[in-house]
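Take a look at the letters that make up each chain.
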2 protein chains.
Amino acid sequence: MAETDRLNKRNAIRRENERVILSAAEKVFAEAGFGGATMQLIADMAGLPKANLHYYFATKEELYRKVVERIFVIWLQAADRLDNAPDAATGIGGYIEAKMEMSRRHPFGSKVWASEVMHGAPVIQDYLETALRDWTEGRIAAIRRWIDEGQIDPIDPRHLLYMIWATTQHYADFGHQIETLNGGRPLSGRQWAEAKESVKAVILRGIGAVPARAGPA
Amino acid sequence: MAETDRLNKRNAIRRENERVILSAAEKVFAEAGFGGATMQLIADMAGLPKANLHYYFATKEELYRKVVERIFVIWLQAADRLDNAPDAATGIGGYIEAKMEMSRRHPFGSKVWASEVMHGAPVIQDYLETALRDWTEGRIAAIRRWIDEGQIDPIDPRHLLYMIWATTQHYADFGHQIETLNGGRPLSGRQWAEAKESVKAVILRGIGAVPARAGPA
DNA sequence: TCGTTTTCTGACCGTATGGTCAGGGTCGAG
DNA sequence: CTCGACCCTGACCATACGGTCAGAAAACGA
């Protein structure tokens, strides 16, 4: 087998440490921003000496880039629900659900992404111009098809996508504000479900999408 | 007249310098985050020596706090359109319009606010728990009234507010991403108008609000 | 066991940053 | 004109931060 795939102790250590560092970095970058984050803070959170971080990731920029790249991959993966959907309502509804789950399970990643974009995407501008642009064009075409088929009202697909991104990611990025307005408590499982249903209902109704089981009369 | 209101040269200088500094600070904080912003950068942008900034604002934290407080006031002011509206569609539609205008005209402020909240609102937590919470409760009551009157579908008013905030502020906070997906060009006046109409249309239809002029048959 | 490679880390360094301050300049009131 | 209050700023300081490095420790293959 290839040398890099060997499952000896060294590789295990490396993999585990990289995982721990990336996870700690994601959290610290999310909570403090790139400028506010320090290698010492990340090291403490990872339970490793600072010098050890620099052994695995040469610079703060490199570590940050790895964090953002990982998030970007997850971001694009959520699109599975949009593709191969039997109809518009199922596809868009499923995509909203998937993104709401992501906001719930990966709030730090969402915040890092938001922060990166807000600051002009200094690190992942190339991804925006290639991968994200291509991805977006593909979904726009799919949405246009649904419009042509009369499954949803005519609407600029871009604004629909922005709306979905904005609304779903808001529950992660502005989670602290939502929590404060919720009496200082995090949303319960029930409240998350209600949020998901509200968002789905308003958007699907807003674009005139009929539920799958209720075909046109 | 009161001493603080005198229009002598000294007061003019003070007012003008504070304005210039706050404006520069808003931009720098928005583009670099609190941690990434430096007093030197803000000073350069304001065209003043760094020491002069510290003459008007003792610390970086104080300057930042003033910036955020100013944004918060503007944020709350946009609610005028929601209050005293003749009906739900006009009120909510007007509020969306006002917030879209704010995203267009004050993108830096929106970003600073987003950044502050994302990082756990270390500076304005008290505002969230008092002013924002009170404001929100008031609007929730108003929305509930519209629901009871049958003007809009039953929906948790909180999620409706979050949706409006998320969608409208997205055009400021994620403006760079939108610009990139728009071929690298900022949205034109026409595109902004389309965005505004799209958002309004989807949300108003999504909550079953009928336009003001088209009363129930 | 031995030599080699990889992992680990305390101590250290140069720089950038927030903040200070003494002293000079400007304005306005009387 | 004079004096006091306010405005301005170059030079400076202490600290914190990203990053380096020599050398110890551990893992590995033979």
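These numbers come from a predicted model, not from an experiment.

S.K.: So what exactly am I meant to see when it comes to the overall build of chain A here?
M.R.: When you go through chain A residue by residue, the secondary structure sums to 10 helices and zero strands. Along chain A, helices (α) and strands (β) appear in the sequence α-α-α-α-α-α-α-α-α-α when read from the amino end. Dimensions of chain A, computed from C-alpha atoms along their principal axes, come out at roughly 65 × 50 × 35 Å. Taking all 217 residues of chain A together, 50% fall into the buried category. Contacts in chain A between residues at least 24 apart in sequence constitute 68% of all its contacts with a sequence separation of at least 6. On chain A, roughly 10400 Å² of surface is accessible, and the fraction owed to carbon and sulfur atoms is 52%. Of the side chains in chain A, 28 bear a positive and 28 a negative charge, and the two mean positions are spaced by 5 Å.

S.K.: Honestly, the relation of the copies chain A and chain B in this entry has me stumped. Any pointers?
M.R.: Two copies of one chain are present, and they are related through a rotation about an axis combined with an axial shift. Overlaying chain A with chain B gives an RMSD of 0.1 Å, the required rotation being 180° about an axis along which the chain moves by 0.0 Å. Both copies are brought into coincidence by an operation consistent with a two-fold rotation axis. Across chain A, the rotation axis passes nearest the C-alpha of G206 of chain A, at a separation of 1.9 Å. The overlap is high: 100% of the interface residues of chain A also sit at the interface in chain B, so the same surface is used on both sides.

S.K.: In this structure, what is going on with the nonpolar core? I would like to understand it.
M.R.: Here is a general trend for soluble globular proteins: nonpolar side chains tend to be buried in one another's company. Ranked by internal contacts, the top residues of the largest apolar core, which has 140 residues, are W113 of chain A together with L63 and W113 of chain B. The contacts of L63 of chain B, once residues within four sequence positions are left out, are I21, L22, A25, F29, M39, I42 and F57 of chain B.

S.K.: What is the right way to read the protein's contact with DNA strand D from this model?
M.R.: Around DNA strand D, a shell composed of 22 residues is seen, among which K9, R10 and K60 of chain A together with Y55 and Y56 of chain B lie nearest. Sugar and phosphate atoms form 58% of the subset of DNA strand D atoms that lie within 4 Å of the protein. K60 of chain A has a polar backbone atom sitting 2.7 Å from a phosphate oxygen of DNA strand D. Residue N17 of chain B places a side-chain N or O atom 3.2 Å away from a phosphate oxygen belonging to DNA strand D. Of all the secondary structure elements, the ones that give two or more residues to the surface near DNA strand D are α1 (9-36), α3 (50-56) and α4 (60-77) of chain A together with α1 (9-36) and α3 (50-56) of chain B. Class assignment for the residues of the surface near DNA strand D results in eight nonpolar, six polar and eight charged.

S.K.: Please explain the protein's contact with DNA strand C as it appears in this structure.
M.R.: Close to DNA strand C lie 21 residues, the nearest being R10, Y55 and Y56 of chain A together with R10 and K60 of chain B. When atoms of DNA strand C within 4 Å of the protein are sorted by moiety, sugar and phosphate together comprise 59%. Between Y56 of chain A and DNA strand C, the recorded distance is 2.4 Å, taken from a side-chain N or O atom to a phosphate oxygen. A distance of 2.9 Å is found between a phosphate oxygen of DNA strand C and a backbone nitrogen or oxygen belonging to M39 of chain B. For the surface near DNA strand C, the secondary-structure elements that each account for two or more residues are α1 and α3 of chain A together with α1, α3 and α4 (60-77) of chain B.

S.K.: Before we go on, may I ask you to explain the environment of I203 of chain A in this structure?
M.R.: Following the sequence through the fold, I203 of chain A ends up in helix α10 (residues 189-206). Distance from I203 of chain A to L160 of chain A, taken between C-alpha atoms, is 8.5 Å for residues 43 residues apart in sequence. What I203 of chain A contacts, discounting residues up to four positions off in sequence, is I96, L160 and I164 of chain A together with M163 and V202 of chain B.

S.K.: Would you mind going over unusual backbone geometry with me for this structure?
M.R.: Only a minority of non-glycine residues have a phi that is not negative, and only a minority of peptide bonds are not trans. All names here are of chain B. The backbone of N84 shows a phi angle near 55°, a positive value even though the residue is not glycine. Summarising the element assignment, N84 is placed in the loop between α4 and α5 (88-105). Within the chain, A121 stands out as a residue other than glycine whose phi angle is a positive 50°. The residue A121 is located in the loop between α6 (107-118) and α7 (125-148) in this model.

S.K.: What should I look at first to understand the domain arrangement of chain A in this one?
M.R.: Interface size, as often reported, equals the accessible area lost upon joining of the parts. Residue and element names in this part refer to chain A. Domain annotation of chain A identifies domain 1 (3-58) and domain 2 (68-206). Look at where the C-alpha atoms of domain 1 and domain 2 centre, and you get two points 28 Å apart. Every contact between the two is made by seven residues of domain 1 and, on the other side, six residues of domain 2. Taken together, both faces of the contact between domain 1 and domain 2 bury some 610 Å²; the carbon and sulfur share is 65%. At the surface where domain 1 touches domain 2, the tally comes to one salt bridge. When the shortest N-O distance is used, the salt bridge between R70 and E26 registers 3.3 Å. Our count for the contact surface shared by domain 1 and domain 2 stands at two residue pairs in polar contact (both at pLDDT 80 or more). Each residue belonging to the side of domain 1 that touches domain 2 can be placed in one class, and the counts come to three nonpolar, one polar and three charged.

S.K.: In this structure, what is going on with the packing of α5 of chain B against helix α8 (residues 157-173) of chain B? I would like to understand it.
M.R.: The axes of two packed helices give the description: the angle between them and the distance between them. Residue and element names in this part refer to chain B. The contact between α5 and α8 brings their axes to 8 Å, and the two run at 30°. Here α5 is positioned roughly parallel relative to α8, judged by the angle of their axes. Handedness of the crossing formed by α5 with α8: right-handed. Contacts between α5 and α8 involve I92, Y95, I96, K99, M100 and S103 from the first element and L160, L161, I164, W165, T168, Q169, Y171 and A172 from the second. Tallied by class, residues from the contact of α5 with α8 come to 10 nonpolar, three polar and one charged.

The rules we used
Residues numbered from 1 in each chain as written. Chains lettered and ligands numbered in written order. Predicted model: local features only at pLDDT ≥ 70, side-chain atom pairs only at ≥ 80, totals over all residues. Heavy atoms only, no water. Helix = DSSP H or I, 4+ residues; strand = E, 2+ residues; numbered from the N terminus. Buried < 20%, exposed > 50% of the residue type's maximum accessible area, 1.4 Å probe, protein only. Contact = heavy atoms within 4.5 Å. Areas by Shrake-Rupley, 256 points an atom, 1.4 Å probe, with all protein chains shown as cover. Lys, Arg positive; Asp, Glu negative; His and termini not counted. Charge placed at Lys NZ, Arg CZ, Asp CG, Glu CD. Least-squares fit on C-alpha atoms with pLDDT ≥ 70 in both. Core = buried A, V, L, I, M, F, W, Y, C linked by side-chain atoms within 4.5 Å. Near = heavy atom within 4 Å. Polar contact = N/O pair within 3.5 Å; in protein donor to acceptor, adjacent residues only side chain to side chain. Nonpolar A, V, L, I, M, F, W, Y, C, P; charged D, E, K, R; others polar. Domains from an automatic or database assignment. Buried area = accessible area lost by both parts, 1.4 Å probe. Salt bridge = Lys/Arg side-chain N within 4 Å of Asp/Glu carboxyl O. Axes fitted to C-alpha atoms, helices over the stretch in contact; angles between N-to-C directions. Parallel < 35°, antiparallel > 145°, perpendicular 65-115°, else oblique. Left-handed = near helix turned anticlockwise from the far one by under 90°.

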